[in-house]
Amino acid sequence: MSRLSFALGCMLCMPLCVTAQQWNSTMQVHGTLRGKYEYQTDEGKGRFEVRTARVSIEGKVTPIVSYKAEIDLCDEGKIKMLDAYTRIQPWRNFQFTIGQERVPFTIDAHRSPHQQYFANRSFIAKQVGNVRDVGAEVGYTFHPGFPIVVRAGLFNGSGLTNQKDFWTSNVNFSSKAVMMLPIGLDIEASMQKVRPSDVNIMMYDAGLTYHDKGFIAEAEYLYKHYADDAFHPVHAFDGFVSYDIPLRRCMFSKVSPLVRYDYMSDHSDGLRYLDGGENDKGSLIVNDHKRSRITGGVTLSFAKPFISDIRINYEKYFYGEGVVEKTSERDKIVVEFMTRF
């Protein structure tokens, strides 16, 4: 390399070095608190519960490198690490993420607690399509007249708490594409492969979300298939409508009446059980019995959406004959206070 070429190279690198030195890293602290009271109408019993106590730290260390670490101090009474990842975005339309995160799959399961429309999650978000895992993913946004966001990744299948001695020749994957049409319609399609035990499970999800000012309508369908007929396929559906009514001269900024219908057929978590416990020699069983639910209610917002809300819901469950209902999966009235900071 000639001296002239070396000098030119140093001159080209100097602005990058100055930019890096002048950049000040950023950090934001966020949290979500959800306290609720639930009353089961048939049993005449109630309870208070802290459902969520999340704290997250996120920010940038350089213009292209960001991070997030999130922990829930009370996820159904347990402390859980949720997100822990680094994200690199060298170009505006491209990003690379490595660490633990919510995998790119479904619509409703991707909503954080402060973004939920109802006090309790849908069956898709809670039982059927709820996956957070350790891995790496890439994302790209196309602009053919409207945004198309594509994300795809490979994941361990171990979760954050089971990594130290976890080695596998099997890799899970997940991918998702969202088209955001200018008419206020978002179209989502995603697929995912998981392997909780020795059975491969494929899931396919598709959904539509229409939003026009304060009106939201959404429908989502998920199909779950177990390899080698280890368990029959699972079908799940979630659909809801919500409408925001602005309020003036009131302590609330708006009130939002909303209604949802969700359904799932008999569901297995993909693990093998024998004599009431997990056992590799056992078989897949029904962990969640077939049921449907109608949820209606209102959300009262103190400030901007998803900052501080009161969610008042009534849930009506429908089971088949002979099904033993889970203790907390019964008809109930829910009053939830959600605060995001």
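The next subject is the confidence of the model for the protein. Residues of the protein with pLDDT of at least 70 account for 92%, and the chain-wide mean is 90. Confidence over residues 3-21 falls short of pLDDT 50; this stretch has 1 contact with residues more than four positions distant or in other chains.

So, on to the sheet that holds strand β16 (residues 277-278). Here 3 strands make up an open sheet; going across it, the order is β16-β15-β17 and the pairing antiparallel. In this open sheet, the two strands that pair with only one neighbour each are β16 and β17 (283-284). Note: strand β15 (residues 272-274) against β16, 2 bridges, orientation antiparallel. The partner of L274 across the bridge, within β16, is G277.

Let's shift gears to the pattern of salt bridges. Applying the stated criterion across every chain, the model contains 29 salt bridges. D288 is paired through a salt bridge with R291; the nearest N and O atoms lie 3.8 Å apart. Under the relative-accessibility criterion, D288 is labelled buried at 8%. You can call R291 buried: its relative accessible area is 2%. Its salt-bridge partner being R311, residue E336 comes within 2.8 Å of it at the nearest N-O pair. You can see E336 sitting in strand β20 (residues 332-340) and its partner R311 sitting in strand β19 (residues 308-319), a full 25 residues away along the chain. Owing to a relative accessible area of 0%, E336 belongs among the buried residues under this scheme. When salt bridges that share partners are traced, they join R34, K36, E38, R47, E49, R311 and E336 into one network.

About the criteria used
Residues numbered from 1 in each chain as written. Predicted model: local features only at pLDDT ≥ 70, side-chain atom pairs only at ≥ 80, totals over all residues. Heavy atoms only, no water. pLDDT = per-residue confidence, 0-100. Contact = heavy atoms within 4.5 Å. Pairing = 2+ DSSP bridges. Helix = DSSP H or I, 4+ residues; strand = E, 2+ residues; numbered from the N terminus. Salt bridge = Lys/Arg side-chain N within 4 Å of Asp/Glu carboxyl O. Buried < 20%, exposed > 50% of the residue type's maximum accessible area, 1.4 Å probe, protein only.

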